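Each chain, letter by letter, is given below.
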Amino acid sequence: SKWGNRWADEEPYRFTKAIHNYAATNLIPRHLGPEYVIHGAKLYSPWDPARTEITLVVMDWFFDRSLNLIKALDTKDHPFSKVIIMVPPSISNNHDYAEHTTVPVTIQFRDTADFMDLCSADVTTEWFMITNSYHQVSRHVDLMFTPGKFVPVVPFTPATYP
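Model, not experiment: these values are computed from the prediction.

Rules behind the numbers
- Residues numbered from 1 in each chain as written.
- Predicted model: local features only at pLDDT ≥ 70, side-chain atom pairs only at ≥ 80, totals over all residues.
- Heavy atoms only, no water.
- Helix = DSSP H or I, 4+ residues; strand = E, 2+ residues; numbered from the N terminus.
- Rg over C-alpha atoms; globule rule 2.2 N^0.38 Å.
- Buried < 20%, exposed > 50% of the residue type's maximum accessible area, 1.4 Å probe, protein only.
- Contact = heavy atoms within 4.5 Å.
- Areas by Shrake-Rupley, 256 points an atom, 1.4 Å probe, with all protein chains shown as cover.
- Lys, Arg positive; Asp, Glu negative; His and termini not counted.
- Charge placed at Lys NZ, Arg CZ, Asp CG, Glu CD.
- Pairing = 2+ DSSP bridges.
- Axes fitted to C-alpha atoms, helices over the stretch in contact; angles between N-to-C directions.
- Salt bridge = Lys/Arg side-chain N within 4 Å of Asp/Glu carboxyl O.
- Core = buried A, V, L, I, M, F, W, Y, C linked by side-chain atoms within 4.5 Å.
- Patch = residues over 30% accessible without salt bridge, like charges linked within 9 Å, V, L, I, M, F, W, Y side chains within 5 Å.

Asks: I tried to follow the overall build of the protein on my own but got confused; where do I start?
Replies: On a plain count of helices and strands, the protein comes out with three helices and eight strands. Helices (α) and strands (β) of the protein occur, in sequence order from the N terminus, as α-β-β-β-β-α-β-β-α-β-β. Its C-alpha atoms give the protein a radius of gyration of 22 Å, more than 25% over the compact-globule value 15 Å for 162 residues. For the protein, the C-alpha atoms occupy an extent of roughly 75 × 35 × 35 Å along the three principal directions. Split into buried and exposed, the 162 residues of the protein put 29% on the buried side. In the protein, the share of contacts with a sequence separation of at least 24, taken over all contacts with a separation of at least 6, comes to 62%. Split by element, the accessible area of the protein, about 11100 Å² in all, is 56% carbon and sulfur. Each charge class in the protein was averaged separately, 14 positive and 18 negative side chains, and the resulting centres sit 11 Å apart.

Asks: Help me understand the pairing of strand S4 (residues 54-59) in this model?
Replies: For S4, a buried count of six out of six residues is recorded, marking the element as mostly surrounded by other parts of the structure. Neither face of S4 is left uncovered, since the one carrying Ile-54, Leu-56 and Val-58 and the one carrying Thr-55, Val-57 and Met-59 both have all their residues buried. Here S4 pairs with strand S5 (residues 80-87) via six bridges, running parallel. Looking at the pairing, Met-59 lines up with Met-86 of S5.

Asks: How should the sheet that holds S5 be read in this particular structure?
Replies: Paired through their backbone hydrogen bonds, the strands of a sheet run either parallel or antiparallel. The sheet built from four strands is open, its strands ordered S6-S5-S4-S7 with parallel pairing. Each having just a single partner strand, strand S6 (105-109) and strand S7 (127-132) make up the two edges of the open sheet. With direction set aside, neighbouring strand axes in the sheet form an average angle of 25°.

Asks: Before we go on, may I ask you to explain the environment of Glu-10 in this structure?
Replies: Among the secondary structure elements, Glu-10 is positioned in the loop between helix H1 (2-6) and strand S1 (19-27). The exposure class of Glu-10 is partly exposed, given its relative accessible area of 46%. In this structure the C-alpha to C-alpha distance between Glu-10 and Gln-136, which are 126 residues apart in sequence, comes to 45 Å.

Asks: Looking at this structure, how should I read the environment of Asp-9?
Replies: Mapped onto the fold, Asp-9 is located in the loop between H1 and S1. Taking the C-alpha atoms as reference, Asp-9 lies 49 Å from Trp-47; in sequence the two are 38 residues apart.

Asks: Would you mind showing me how to read the pattern of salt bridges here?
Replies: Pairs can form between side chains of opposite charge whenever their charged atoms are close. Scanning the model with the defined rule gives three salt bridges in all. Taking the shortest distance from any N to any O, the salt bridge between Arg-6 and Glu-10 comes out at 3.5 Å. The exposure class of Arg-6 is partly exposed, given its relative accessible area of 48%.

Asks: What exactly am I supposed to notice about the nonpolar core here?
Replies: Nonpolar side chains in soluble globular proteins tend to end up buried together. Counting 19 residues, the largest nonpolar core has Leu-56, Val-58, Leu-69, Ile-70, Val-83, Ile-85 and Val-137 as the members making the most contacts within it. Breaking this core down by element, the ones donating at least two residues are S4, helix H2 (67-72) and S5. The element that contributes the greatest number of residues to this core is S5, accounting for four residues. The residues contacting Val-83, other than those within four sequence positions of it, are Leu-56, Val-58, Ile-70, Leu-73, Val-103, Pro-104, Val-105 and Thr-106.

Asks: What exactly am I supposed to notice about a nonpolar patch on the surface here?
Replies: On the surface, Trp-3, Tyr-13 and Phe-15 cluster together into a nonpolar patch covering about 450 Å² of accessible area. Its place among the elements puts Phe-15 in the loop between H1 and S1. Look at Phe-15 and you get exposed, because its relative accessible area is 72%.

That is the geometry; function is a separate question.
In structure tokens, the structure reads:
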């Protein structure tokens, strides 16, 4: 093409940090950079520990898989005020988790199939997150909340998505 031949040896585009395309992106203000023009961003409030407590529910299948996650918890910037470790009733778990973290940890023995941990964990906080013992908590955890009502934002893909 004529245009392609004209710019074959050069970069015809100019890049700037003044404009950024955040189309369909959920953000909290901390994520924004130096841009002046923002496209498509949905801004939410960051987690506020004075307003919201969150429990981390950890699905475990062995007596010590969750120990790695617990040992590293105090070195992370996270919102969890409690941890519940869901384990099968057939195992023995005698770890003193207080040796490894300042976050209160509770062991709960399953009385149903493991996929029901989402429903059967004895969570006493208003909100919780669930993971399994094969994961680690990130170095920094950012949670987004709706401004005003302060309800956690849960990203999802609609079932009707083509």
